[in-house]
Amino acid sequence: MKSPPLTIAECETAKRELRAEIGRLRRRVDRRLQTTRGELRGLVSWQSQVRRHPAWTVGLGLGLGWLLAGGWNRSPWLRTFTREAGKLAAGLARERAFGELATFLQTALRSRSN
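Note that residues are indexed from 1 along each chain, following the sequence as it is written. In keeping with the model being predicted, local features are shown solely for residues with a pLDDT of at least 70 and side-chain atom pairs are shown and tallied solely at 80 or more, while totals for entire chains, interfaces and linings include all residues. Water and hydrogen atoms were dropped before computing side-chain values, which therefore reflect all heavy atoms in the structure.

Turning to the overall build of the protein, a few remarks are in order. Only DSSP runs of H or I reaching four residues or more are called helices, and only runs of E reaching two or more are called strands; each is numbered from the N terminus. When helices and strands are tallied, the protein shows five helices and zero strands. Starting at the N terminus and walking to the C terminus, you meet the elements of the protein as α-α-α-α-α. Per-residue accessibility, obtained with a 1.4 Å probe over protein chains only, is compared with the maximum for each type, and a residue is labelled buried under 20%, exposed over 50%, and partly exposed between these values. Residues counted as buried form 22% of the 114 residues belonging to the protein. For this analysis, residues touch if any pair of their heavy atoms sits within 4.5 Å. Taking the contacts inside the protein whose residues are at least 6 apart along the sequence as the reference set, 60% of them involve residues at least 24 apart. Accessible surface is estimated by sampling points in the Shrake-Rupley manner with a 1.4 Å probe; for residues, cover comes only from the protein chains shown. Of the roughly 9,200 Å² that the protein leaves accessible, carbon and sulfur atoms contribute 61%.

Okay, here's the thing in structure tokens:
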């Protein structure tokens, strides 16, 4: 069975309803996109990483400062410290916190131990 053809008024009403639905969907997608952008900014912001991981930040800062302060001799205590700093950097890389900085720290520790 075929339905009867739509009148011009019915077509205009259907068109208005479709446009209204499209507008609602666009606004909903836009709100979700704005929310996602805000969350992404929080994930890549170093300030939010410091707030979320204060102990890792202090450890990373100490390790990086120690590396930048200059070389070290080959005493057993310093070898142990170097090994632990490498574990810290590996843990940071595993958690993906401060990824580039953790990679830099790991690379610096490897180059110093060679």
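This next bit is on the pattern of salt bridges. Any Lys or Arg side-chain nitrogen found within 4 Å of a carboxyl oxygen on Asp or Glu counts as a salt bridge. Overall, the coordinates contain two salt bridges when judged by the stated rule. Its salt-bridge partner being Glu-12, residue Lys-15 comes within 3.6 Å of it at the nearest N-O pair. Remark: Glu-12 and Lys-15 occur in helix α1 (residues 8-44); sequence separation between them is three residues, near one turn of the helix. Looking at Lys-15, the relative accessible area reads 35%, which means it is partly exposed. Of the charged contacts, one joins Glu-21 and Arg-24 as a salt bridge, the two residues approaching to 2.7 Å between their closest N and O atoms.

A few words on the confidence of the model for the protein. pLDDT is a residue-level measure of predictor confidence that goes from 0 to 100. Across the protein, pLDDT averages 78, with 72% of residues at or above 70. Least confident of the elements in the protein is helix α5 (residues 99-113), whose mean pLDDT is 66; most confident is α1, at 91.

So, on to a nonpolar patch on the surface. A patch consists of residues whose relative accessible area exceeds 30% and which take part in no salt bridge; residues with like charges are grouped when within 9 Å of each other, and nonpolar side chains (Val, Leu, Ile, Met, Phe, Trp, Tyr) when within 5 Å. Together, Leu-40, Leu-43 and Val-44 make up a nonpolar patch on the protein surface, roughly 310 Å² of accessible area in all. Along the chain, the position of Leu-40 falls in helix α1.

On to a positive patch on the surface. In this count, Lys and Arg are taken as positive residues and Asp and Glu as negative ones, while His and the chain termini are left out. A single reference atom marks each charge: NZ on Lys, CZ on Arg, CG on Asp, CD on Glu. A surface patch of like charges, here positive, comprises Arg-27, Arg-28, Arg-31 and Arg-32. Examined against the element boundaries, Arg-31 turns out to sit in helix α1.

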